[in-house]
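Coordinate inspection notes
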There are 2 protein chains.
Amino acid sequence: MIEGLSLNLATVRKQWDLREAVEACARHGFAGVAPWRDQVIAVGPQEAARIFRANGLRVTGYCRGGLFPAADAAGREAAIDDNKRMIDEAAAIGAEQIVVIGGGLPKGSRDLGGARKMFAEGLTAVLPHARGCKVPLALEPLHPVYAADRGCISTLAEMLDLCDALGDGLGVAVDVYHVWWDPTLAQQIARAGKRIIAHHICDWLVPTKDILNDRGMMGDGVIDFPAIRRMIEAAGYRGIQEVEIFSNDWWSRPGEEVLKTVIERFKSVC
Amino acid sequence: MIEGLSLNLATVRKQWDLREAVEACARHGFAGVAPWRDQVIAVGPQEAARIFRANGLRVTGYCRGGLFPAADAAGREAAIDDNKRMIDEAAAIGAEQIVVIGGGLPKGSRDLGGARKMFAEGLTAVLPHARGCKVPLALEPLHPVYAADRGCISTLAEMLDLCDALGDGLGVAVDVYHVWWDPTLAQQIARAGKRIIAHHICDWLVPTKDILNDRGMMGDGVIDFPAIRRMIEAAGYRGIQEVEIFSNDWWSRPGEEVLKTVIERFKSVC
């Protein structure tokens, strides 16, 4: 088994359903997987849990919660309720954490500060339930290119400010794709310390042909993985690296090829 | 004349050559224009200067210098020499400043910190010449989506650190497209104060279909122009706003329509 390696199942979502993907990951020696919510709900959380256990795989994360900003109070309440349900699902499947992202601007809004405030309020509302279920929330800043439509929180600094303000039950997910450009990266990773509870990897391609779905296999782009890995290890994180690649290119290839390449690049590049 | 409005001539580069664009801007009442280097070199700096003067337009900026990172010493020297020539051209055309951007990673490099260092070194090397020619350099951070291939300096904070370190002759260009997402924007604009010497505007579209050439007309996207304008005015900047729109969409429309729309949106949105 490759101790330090997990596969985010979005990476092979076009090739395989949950069971097929999990069995393939087990066969190839991955230590864990991180499913998306639609993949778990398609079979139900109990059956998903059985599949993970039967294949001896850790569930290193569950994607994805947060997304609290909404145009009205009813929308914000619905997002909070949905996050609570997701926390229950995470507990049911034995997920080590939930990945939580900011969400975009409500439709028609230009108030980025307001969206950030709604994110903090939503997080505050669901945190007691997450603590009660013993499901940590891994706050993931998204690359600023997604600030408008997906992740109003763009930096580790902001997510750590929220951890400081809200206390236990929170940590951060360092996804190199989202943070590699940040001039304060080393400083913020050091500040994060033990609050780093997830480490996601994929590469930044030049050129990037699609803003969402042209992420790269490690080694095919410009990210210096060993340098960021050293920062993260210096901060005290020795946990798993989770490969998460949204890519029209890799989705078009056989799943077996994707998994083999992930393993080969993980060993040679990361 | 619309006192506060300048047009960056990239906005109509597919429709008109330099003379046509300048004459159209004068006709529509723009107070200034900002040409790109290829546009000036196509007619020669002396003729370009004559065209600007004959049409009574300020030259609010000259695009674009910087781009110092290179794979070897010869490449870095060439970039420095080229920037010095550009400073001479800026003086010849009466440009109020040169817009300076970071440049991307050298080919094959994954060393973003190294690229940032090369940018600082190049800037240091050309600054005496810029001072001698009395051409201010407006340091423009680019959106992090361009960190790999175009602008290794992504934040106002970093550009202001360089201003702090290198002293006279430098200022910053605040292009809302590049900085609107920054959670420290208000703080960094306040810190910039009188060092703000350029203010560029265009909108962030959702979705953005092309990373470079799908920028929006003000009002068509999610940027809160009045909010950022208030920050900039509070910092002491009362100067011109320069509209700069790289857009396959707007490049496909008649230049007259683009100019009319720019003016209408400037008045109603910004």
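Predicted model only: the values in this text are computed from it and were never measured. (Residues numbered from 1 in each chain as written. Chains lettered and ligands numbered in written order. Predicted model: local features only at pLDDT ≥ 70, side-chain atom pairs only at ≥ 80, totals over all residues. Heavy atoms only, no water.)

Attention now goes to the packing of helix α3 (residues 45-54) of chain A against helix α4 (residues 73-93) of chain A. Residue and element names in this part refer to chain A. Relative orientation of the contacting elements α3 and α4 amounts to 35°, with a least axis distance of 8 Å. The crossing of α3 and α4 is right-handed. Facing α3, whose interface residues are Pro45, Gln46, Ala48, Ala49 and Phe52, α4 presents Glu89, Ala92 and Ile93. (Axes fitted to C-alpha atoms, helices over the stretch in contact; angles between N-to-C directions. Helix = DSSP H or I, 4+ residues; strand = E, 2+ residues; numbered from the N terminus. Left-handed = near helix turned anticlockwise from the far one by under 90°. Contact = heavy atoms within 4.5 Å.)

Let us now look at the relation of the copies chain B and chain A. Overlaying chain B on chain A yields an RMSD of 0.0 Å, the required transformation being a rotation through 180° with an accompanying axial translation of 0.0 Å. Taken together, the rotation and translation describe the operation of a two-fold axis. Proximity to the rotation axis, assessed at the C-alpha, singles out Val145 of chain B in chain B; its C-alpha lies 3.0 Å from the axis. Counting the interface residues of chain B, we find that 96% of their copies in chain A are interface residues as well, pointing to one common contact surface. (Least-squares fit on C-alpha atoms with pLDDT ≥ 70 in both.)

So, on to the sheet that holds strand β1 (residues 2-8) of chain A. Residue and element names in this part refer to chain A. The strand order β3-β2-β1-β9-β8-β7-β6-β5-β4 describes an open sheet built from nine strands, whose pairing is parallel. Edge positions in the sheet fall to β3 (58-59) and β4 (62-66), since each has one partner strand and no second. With four bridges connecting them, β4 and strand β5 (residues 98-101) associate as parallel partners. Looking at the pairing, Gly66 lines up with Ile101 of β5. Taken strand by strand, helix α6 (residues 156-166) contacts β5, β6 (137-139) and β7 (170-175), and its axis lies near 170° from that of β7. (Pairing = 2+ DSSP bridges.)

For the rest of this paragraph, the subject is the pattern of salt bridges. All names here are of chain A. In this structure the tally under the stated criterion is 38 salt bridges over all chains. The salt bridge involving Glu47 is made with Arg50; its shortest N-O contact spans 3.0 Å. Of this pair, Glu47 and Arg50 both sit in helix α3, three residues apart, roughly one helical turn. The class for Glu47 is partly exposed, based on a relative accessible area of 29%. Exposure remark for Arg50: the relative accessible area of 41% places this residue in the partly exposed category. Overlapping salt bridges bring together Arg37, Asp82, Arg85 and Glu89 as one network. (Salt bridge = Lys/Arg side-chain N within 4 Å of Asp/Glu carboxyl O. Buried < 20%, exposed > 50% of the residue type's maximum accessible area, 1.4 Å probe, protein only.)

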